[in-house]
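# Structural description and commentary
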Amino acid sequence: MMWYQRAPFVLGGTPEAELWVDGLSAGYGNFLVLRNISLEVKPGLTVILGPNGAGKSTLLKAINGLIPRSGILLLDGEELPEKTNAIVKAGIALVAEGRQLFPQMTVLENLELGGWLVAKLERARRLEQAFADFPKLRDRANQLAGTMSGGEQQMVAVARAMMSAPRLLMLDEPSLGLAPRMVDELLGIARRIADSGTTVLMVEQNVRKALSVADRGYVLERGSLIASGPAVLLSRSSVVREAYLGAQSVDTAASAAAARRA
Ligand SMILES: Nc1ncnc2c1ncn2[C@@H]1O[C@H](COP(=O)(O)OP(=O)(O)OP(=O)(O)O)[C@@H](O)[C@H]1O
Ligand SMILES: [Mg+2]
């Protein structure tokens, strides 16, 4: 595929990290969303699939310390701290649903904020690398983030997260609301980041495309994991085919049959 011809990402590029999640429960006040979730995020690209309201964003928020949680979380064998600041320092970055850029600030300023934890010289070095990794953003450095297209904003959000040189990058629906070409570009970026050594955990509703770039996946329904495995096997599993690929597969089969008849 096209994106493999490009240079790998240099930002991040830390040793491949692994996240262990054991018996994770989390929710909002008395409302428990995730019940006793156990999963393993290995180096490479892991995708979380599931219908609206399944708890996918809640899972990323719980890992990132944005909501209270119980259970054991280990990043490369070390227990994850509870507070978000400490979790970011431990090497986890989240690109939340809806991107959360500062619209009145420039692209450059948004990127600099992603490197707030590091010293000035190192921040400048990473900024230069971010522009090398995301060449489209260099020309837009002084544009207000809020005036960029959806796809461009998503790219800024990913680049900003990479400014913290994370060991684990979490992406919540990076392709939401984007045109097909931008979806491919964003998922290609996620793949290249994973290939360069930063472990990626991504939530996606675009099941077919997500499984085509991912190494492994989990299916979350009503706060519990109902399926998991290598992406190739998941895309063939009856659970995924019926719930997520079903209609499309039938359509394709039907149109192929129609084409044969014609
Ligand atoms: N801040 C909140 N306060 C209370 N309940 C919440 C909050 N955020 C989410 N929920 C509830 O938690 C459940 C899981 O929501 P979550 O956002 O994790 O789902 P999701 O799988 O990410 O869905 P989507 O695909 O629509 O993004 C839903 O029932 C939702 O209403
Ligand atoms: Mg969500």
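These figures come from a predicted structure and were not determined experimentally. (Residues numbered from 1 in each chain as written. Chains lettered and ligands numbered in written order. Predicted model: local features only at pLDDT ≥ 70, side-chain atom pairs only at ≥ 80, totals over all residues.)

## A short note on the sheet that holds strand β10 (residues 224–230)
Taken in spatial order, the six strands line up as β6-β7-β8-β3-β9-β10 in an open sheet, and their pairing is mixed. On the outer flanks of this sheet lie β6 (92–95) and β10, each paired with one strand and no other. When the angles between neighbouring strand axes are averaged without regard to direction, this sheet yields 15°. On the sheet, helix α1 (residues 56–63) packs against β3 (45–49), β6, β7 (168–172), β8 (199–203) and β9 (216–221) and is oriented at approximately 150° with respect to β7. (Pairing = 2+ DSSP bridges. Helix = DSSP H or I, 4+ residues; strand = E, 2+ residues; numbered from the N terminus. Axes fitted to C-alpha atoms, helices over the stretch in contact; angles between N-to-C directions. Contact = placed C-beta atoms within 7 Å.)

## Observations concerning the environment of L176
Tracing the backbone shows L176 in the loop between β7 and α7 (180–195). Considering only alpha carbons, one finds L176 and G151, 25 residues apart in sequence, at a separation of 9.1 Å.

## Points about the site of ligand 1
Taken together, Y28, F31, V33, G50, N52, G53, A54, G55, K56, S57, T58 and E97 make up all the residues around ligand 1. Contributions of two or more residues to the shell around ligand 1 are made by β2 (31–41) and α1. Take the shell around ligand 1: its biggest share by element is three residues, from α1. In terms of residue class, the shell around ligand 1 is built from four nonpolar, six polar and two charged. (Near = placed C-beta within 6 Å. Nonpolar A, V, L, I, M, F, W, Y, C, P; charged D, E, K, R; others polar.)

## Focus: unusual backbone geometry
Even without glycine at this site, N36 takes up a positive phi of about 55°. Its place among the elements puts N36 in strand β2. Among the residues examined, N36 registers 14 C-beta atoms within 10 Å and is labelled partly exposed. In the Ramachandran plot, R222 falls in the positive-phi region, its phi being about 45° despite a non-glycine side chain. Topologically, R222 is positioned in the loop between β9 and β10. A residue is classified by how many C-beta atoms lie within 10 Å of it, and R222, with 13 of them, is partly exposed. (Buried ≥ 20, exposed ≤ 12 C-beta atoms within 10 Å, placed from the backbone.)

## Topic: the packing of helix α3 (residues 107–114) against helix α6 (residues 150–162)
The geometry of α3 relative to α6 is characterised by a closest axis approach of 7 Å and an angle of 35° between their N-to-C directions. Crossing angle aside, the handedness with which α3 passes α6 is right-handed. Along its contact with α3, which presents V107, N110, L111, L113 and G114, the element α6 presents V156, A159, R160 and A161. Split into classes, the residues belonging to the contact of α3 with α6 amount to six nonpolar, two polar and one charged. (Left-handed = near helix turned anticlockwise from the far one by under 90°.)

## A short note on the confidence of the model for the chain
When the pLDDT values of the chain are averaged, the result is 88; 88% of them are 70 or greater. Contacts for the low-pLDDT stretch residues 1–8, under 50 throughout, to residues beyond four places or in other chains number eight contacts. This model gives residues 247–262 a pLDDT under 50, and the stretch forms two contacts once residues within four places in sequence are excluded. (pLDDT = per-residue confidence, 0-100.)

## Remarks on the pairing of strand β4 (residues 69–75)
Note: strand β1 (residues 19–28) against β4, six bridges, orientation antiparallel. Bridge pairing in β4 places V21 opposite L73. Direction of pairing for β4 relative to strand β5 (residues 78–79): antiparallel, over a ladder of two bridges. Bridging from a neighbouring strand, L75 pairs with E78 of β5.

## A look at α1
The buried fraction of α1 is high, at seven of eight residues. Taken as a whole, α1 has its buried residues at K56, T58, L59, L60, K61, A62 and I63. Among the residues trailing α1, G65 stands out with phi positive, at a value near 75°.

## Topic: the sheet that holds β4
Read from one edge of the open sheet, four strands run β2-β1-β4-β5, paired in antiparallel fashion. Single-partner strands in this sheet number two, and they are β2 and β5. Those strands touched by α1 are β1, β2 and β4, and its axis lies near 70° from that of β2.

## Some thoughts on the environment of A214
Structurally, A214 is set in the loop between α8 (207–213) and β9. For the pair A214 and L201, spaced 13 residues apart in the sequence, the C-alpha separation amounts to 9.4 Å.

## What about helix α4 (residues 120–133)?
Compared with an ideal rise of 1.5 Å per residue, which puts 14 residues at 20 Å, α4 spans 20 Å between its outermost C-alpha atoms and is within 8% of the ideal. Considered for burial, the residues of α4 that qualify are R126, A130 and D133. Summarising the axial view, the buried residues of α4 lie within an arc of 65°, below the 170-degree limit, and thus occupy one face. Those residues of α4 that are exposed and angled more than 90 degrees off the buried face are K120 and L121. (Expected span 1.5 Å × (residues − 1). Arc of directions from axis to C-beta.)

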